[in-house]
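Summary of the model geometry
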Amino acid sequence: MPAFADALVTDDLTILLGLVTASIFLLSNLYKPQPLVHPILLGRQSDVSRVRNPGESAVYRYYGTGIMGRFPVRPQRDVHTLIDHIKPGVDAPRTLWSTKITNNQIRERVIHFGAGLRRAGLKSSSNVLLLLNDSLEFLITDLALASQGIPSFTLSSPALLAPVLDVHPPTAVIIDASFLPHALEHVLDSAEAAHHVLIVLGEPDAQTTARAARGVRLVRWPDIEEEGRQSGVTELPAPPGSESVFTVSFYRDEEGNMQAAKLTHENLTAGVAAIRALVPPQNPLTALDTVVSAHSLSTAYGRAIAYTALLEGASFGTLEGTKLYKSDINSSPRPLDDLFTTKNLSLPSATMLFIMPSHLNALVNAVLERAKKSFIFPVAWRHKLSGILDGHVTRESLWDRLVLNDARVAILGAVAATLRGVVVSGGPLPADLLTPARIALSIPLVHAFTHPISTAPIFASHPHDLQTFAHALPVAHVGPPVVNIEVKMKGVDDAAIERGEDPVGKLFVRGPPIGRLMDDEDSTTENEGQEPWVATGVVARAQTNGSFAILEEGS
Amino acid sequence: MSFNLSTPLNTALLVYILYQAQRIFFPPNQIPEQTPSEFKSAYSWMPKLHPPTLLFTTFTPKTLEPYNGKDGGRILLAIDGTVFDVTAGRNFYGPEGMYGNFAGRDASRGMAKQSFDREMLTDVDKPLDKLQDLSPEEIENMRGWFEHFSSKYIVCGRLVENDAI
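Residues numbered from 1 in each chain as written. Chains lettered and ligands numbered in written order. Predicted model: local features only at pLDDT ≥ 70, side-chain atom pairs only at ≥ 80, totals over all residues. Heavy atoms only, no water.

Here we look at the nonpolar core
Residue and element names in this part refer to chain A. Grouped together as the largest cluster of nonpolar side chains are 89 residues, with contacts concentrated most on Leu 96, Val 291, Phe 354, Phe 459, Val 487, Leu 507 and Phe 548. When residues in this core are grouped by element, the largest group, nine residues, is from helix H11 (residues 300-312). In terms of domain composition, this core takes at least three residues from each of domain 1 (46-74 + 265-553) and domain 2 (82-263). For Val 487, the residues in contact, after removing those within four places along its chain, are Ala 58, Val 59, Tyr 60, Ile 458, Phe 459, Pro 481, Leu 507, Phe 508, Val 509, Trp 533 and Phe 548. Residues Ala 350, Leu 360, Leu 434 and Ile 439 belong to the second largest nonpolar core, which totals 46 residues. (Core = buried A, V, L, I, M, F, W, Y, C linked by side-chain atoms within 4.5 Å. Buried < 20%, exposed > 50% of the residue type's maximum accessible area, 1.4 Å probe, protein only. Helix = DSSP H or I, 4+ residues; strand = E, 2+ residues; numbered from the N terminus. Domains from an automatic or database assignment. Contact = heavy atoms within 4.5 Å.)

Remarks on the interface of chain B and chain A
Taken residue by residue, the interface counts 44 residues in chain B and 57 residues in chain A. Buried surface at the junction of chain B and chain A, summed over both partners, amounts to about 4,300 Å²; 66% is from carbon and sulfur atoms. Where chain B touches chain A, the interface holds zero salt bridges. On inspection of chain B and its partner chain A, the count reaches 16 residue pairs in polar contact (both at pLDDT 80 or more). It is helix H1 (residues 8-25) of chain B that provides the largest number of residues to the side of chain B that touches chain A, a total of 10 residues. (Buried area = accessible area lost by both parts, 1.4 Å probe. Salt bridge = Lys/Arg side-chain N within 4 Å of Asp/Glu carboxyl O. Polar contact = N/O pair within 3.5 Å; in protein donor to acceptor, adjacent residues only side chain to side chain.)

Quick look at the pairing of strand E7 (residues 152-155) of chain A
Residues and elements named next belong to chain A. Here E7 shows a buried face lined by Ser 152 and Thr 154 and a second buried face lined by Phe 153 and Leu 155. As defined by bridge partners, strand E6 (residues 128-131) adjoins E7 across three bridges and the pair is classed as parallel. Its bridge partner being in E7, Leu 130 is matched across the sheet by Thr 154. Bridge count between E7 and strand E11 (residues 245-252): four bridges; the pairing is parallel. Along E11, the bridge assignment pairs Thr 154 with Ser 249. (Pairing = 2+ DSSP bridges.)

Considerations on the side chain of Asp47(A)
All names here are of chain A. Considering the arrangement of structural elements, one finds Asp 47 in strand E1 (residues 46-48). Engagement of the side chain of Asp 47 in a polar contact is seen with the backbone nitrogen of Ile 67, the distance being 2.9 Å. Residue contacts for Asp 47: discarding those within four places in its chain leaves Val 59, Tyr 60, Arg 61, Tyr 62, Tyr 63, Gly 66 and Ile 67.

Notes on the domain arrangement of chain A
Residues and elements named next belong to chain A. We note that the domain assignment places domain 1 (46-74 + 265-553) and domain 2 (82-263) within chain A. Using only C-alpha atoms to locate each centre, domain 1 and domain 2 end up separated by 29 Å. Taking both partners together, domain 1 and domain 2 bury about 4,100 Å²; carbon and sulfur atoms supply 58% of that area. Area buried by domain 1 at its contact with domain 2 is led by His 265, Tyr 325 and Met 518, which between them contribute 23% of it. Linking domain 1 with domain 2 are one salt bridge.

Structure (structure tokens):
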């Protein structure tokens, strides 16, 4: 008894310690930041169909759309064709590459250029090969051709020029002057060269001009626009139907064969709708944003990013690495240098970046190398990582202010303060880059999977997804399908699925953003009146939480 | 005032304070080896199982018949060559249900004629009911029931003749 009473003797120190204990207990339990997205949502990212065919997996859709839901086909009610992305009522200027321009001015230039093209002899049955680098002139050309109903051809790489000219000779070629010397031989050799019109943007050297003028009609790009202005046309022609093809995008698939994806206006508006849904809904894209893209406008995805920025009234620019058509076609800038080439443009500071894994890798390594110079970096890393394991990350924490912000400003400059979202796609993202990227950038990071057949990414992860697993796959997962695409896998092992393993198989996709291949070999129609499933040629694996991982491509 | 740390209560409180302080200044960075399968236990979790899916199977009247729910298993019925999984409607189509006759059988004629009698069903040994003697209104009625079933239950297979497989 006395021993017991002795044990419980309290004094003033006990009261002090007791108060400290109580306050620490309350603080640590109540002042815990919430995860940015509730983990229950990350456990069910796709909606899965209840039935599957033998040898195939179930059909997966984005959870918000649901198996019975309708796919969004356009971002807003009256956006049906390309030119509808340039709203006539809005008059605030924004910067496109280096030009400050308003919507009405763009529309006016599109009307003039379209009229000029018609006067140059192009008809709706003509095909125009677009060999321009990403610039305001590319957009005006694209919009003019689309609103006149003249399909354009684009190439994902200059090496496709010869095969395309062989198989699908175009009526006219719109080309960048620096690429003209390389392309001239092919163009002159191709069939019906004498009837061709060659529209050149920029000033080619005298020798090339002389050679070209002998075989084909050579016109300057500004002259076409000037002719159109003088023709007095002030209205756009009747809009084409949204199911009409506005471009054919040529690319090389995983086996190295050349494929042609026919994209309609509806494909593009659906792609814009999906890309708009990539950013967190609390902070959508607005006219105050500046979008910088590393994906060339000659690809379906690059086009869709540009039109998303145009629709929202944001400023837009592309990196130097997107230039396909230049005098030295084999040189490309190093990823980190490429990221900063927008400094040469008079764009406002970038707020959204659509980049490739190589850019992200270079950026994250540069920022962390710089941050390691501080002696409290290990403690900062430890605290940031513990926050990420709890599901929250912010750029305004103490450790950012002490360590990371200086590193970001040193590498990125003014962009460090304005950057608010990064979307990475265009190749496999190594899984061990995820945590360093989340710590170095501390902003919503979306990892997506794109394919040349689709204007939207096929898969895109949740922007606030910070889950970290001990035994993840070597390649980062890419999340669930986007809002308007459904996927399934063929060639799966039925017995393995019945045992409960992850389905692995060749990926097939369907939905409004998916274009049609020129030669429809692998697509299959299962029911009458339904769109066919399109083969992508990649192997995908579905995880139990509805996110996907793309395994080695082409097998 | 006396500051005597050797009292057990003070020591216990001090130990707790030091432990919490250590967690605040050096937070845990452990990624669990075994991925948790409950969202309550951790933020980074993965469900244990995929959502259940049914395999689209081709049935014959003989292979369809066992799925009548009498052993507590799945309940299937067929309308117009399509097999529906009506396990969710055990109250209606189970052995004690009002329409229990239809379980595991081709219910097309019964749906068309709006009748649940045994005469509407064909024997499992006989060929499938061709429904040739039905009037257009009855076919229309069957179509209506087909639409109702398509939206309420899962399409999980098709029904073919006994010798087709």
